[in-house]
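# Observations on the three-dimensional arrangement
Given next are the chains, with one letter for each unit.
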Amino acid sequence: MHSMKKRSNGLLNRWRKARPFFARVGAVGSFAVTVVFALYNGGLGIWNASLWHGSICVYYILLSLLRGILLAVERKAGKATLEIAEHHRRKVFYATSGIVLVMNAALLTPVSLMVLDQRPIQTGLTPAIASAAYTTYKISTAAVKWKRTNGTILDRELSMLRLVDALASILVLQNTLIIAVDGGISPGMFQLVVISSAGIFLLIFAVSVAWFVRNILLYRKGF
């Protein structure tokens, strides 16, 4: 019995030590998936001469670059002394917070095109399936990791970006399904599309602003 308990404790300790590594692997994997999705939309934008897909591609490229910066800085900070690491994290936090708000404002273009029904031509079910798979993956990942995130401020920023990414993917999926199923917005659907698109867009902004304000307050309190 004692031997089993000792073995269980050993496995638990190894798992705890490996958690940061698995967290980094998951973050890199999420970064790679976002890059692929950005390039996929870019390809659709070029193939169909679609401003909507092009603007979505730009948004996800910016999101990928932001994620890449945070991952690189966090990795570098992990090798520095505690004081230097915290100084770098704080500088990056202020710089990237502004970028997040600008990046979210860039969503105005695809949201406006969606509401005005100036979106791509019929593209079939393949983009709808791809968007559905991406959205499902992003929502499940964001939900699980949002509850577990308690690391550095950059770890928490990555968690916030996962949530924003999931919300933006819902916008993309909504648009893609409307194209695939109905071919456009019907008069009866117009009001619903306006409300849902505006609601998700405002929620993305609210999440970003709330996250920024909360972390500013934590910094002032010395956390």
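Relevant structure appears above.
First, a word on scope: everything that follows refers to the structure included in this document. (Residues numbered from 1 in each chain as written. Predicted model: local features only at pLDDT ≥ 70, side-chain atom pairs only at ≥ 80, totals over all residues. Heavy atoms only, no water.)

### Side note on the packing of aromatic side chains
Stated formally: A pair of Phe, Tyr and Trp rings is counted when the ring centres sit within 6.5 Å of each other, with Trp represented by its six-membered ring. The angle between the planes then sorts it: under 30 degrees is stacked, over 60 is edge-to-face, the rest tilted. Secondary structure is summarised from DSSP: a helix means a run of H or I of at least four residues, a strand means a run of E of at least two, and numbering begins at the N terminus for each. The buried label applies to any residue whose accessible area, calculated with a 1.4 Å probe on protein chains only, is under 20% of its type's maximum; exposed applies above 50%, and partly exposed to all values in between.
Within the structure shown, the criterion is met by 8 aromatic pairs. Judged by centre distance (5.6 Å) and plane angle (25 degrees), the rings of F93 and F212 are stacked. With F93 in helix α3 (residues 82-105) and F212 in helix α7 (residues 187-220), this residue pair connects regions lying 119 residues apart in the sequence. Note on F93: relative accessible area 0%, which makes it buried. Judged by its relative accessible area of 27%, F212 falls in the partly exposed class. Members of the aromatic cluster, joined through ring pairs, are F37, Y59, Y60 and Y134.

### Quick look at the nonpolar core
For clarity, the threshold we go by: Joining through side-chain atoms within 4.5 Å is the link that ties buried Ala, Val, Leu, Ile, Met, Phe, Trp, Tyr and Cys residues into a set, and such a set is a nonpolar core. Contacts were defined at the residue level, with two residues in contact if any of their heavy atoms lie within 4.5 Å.
The biggest cluster of nonpolar side chains holds 39 residues, and the ones touching the most others in it are Y59, Y60, M160, L161 and I204. Listing elements by their share of this core, those giving two or more residues are α1 (2-47), α2 (51-77), α3, α4 (108-115), α6 (153-182) and α7. At 11 residues, α6 tops the list of elements feeding residues into this core. Those residues in contact with I204 that sit more than four places away from it in its chain are N104, L107, V164, L167 and A168.

### Observations regarding the packing of α2 against α4
Rules: Fitted lines through C-alpha atoms serve as axes, helices being fitted only where they are in contact, and the angles separating the N-to-C directions of these axes extend from 0 to 180 degrees. Angles are sorted into four bins: roughly parallel if under 35 degrees, roughly antiparallel if over 145, roughly perpendicular if 65 to 115, and oblique for all others. Note: crossing handedness is left-handed where the near helix turns anticlockwise from the far helix by less than a right angle, and right-handed where it turns clockwise. For this classification, Asp, Glu, Lys and Arg are treated as charged, while Ala, Val, Leu, Ile, Met, Phe, Trp, Tyr, Cys and Pro are nonpolar and the rest, including Gly, are polar.
In contact at an axis separation of 9 Å, α2 and α4 are set at 155 degrees when each is read in the N-to-C sense. The angle between the axes of α2 and α4 places the two elements in the roughly antiparallel class. As for the relative orientation of α2 and α4, their crossing is left-handed in sense. When α2 is examined against α4, the residues L51, W52, S55 and I56 are found in contact with a partner set consisting of T109, P110, L113 and M114. Of the residues in the contact of α2 with α4, the class split is 6 nonpolar, 2 polar and no charged.

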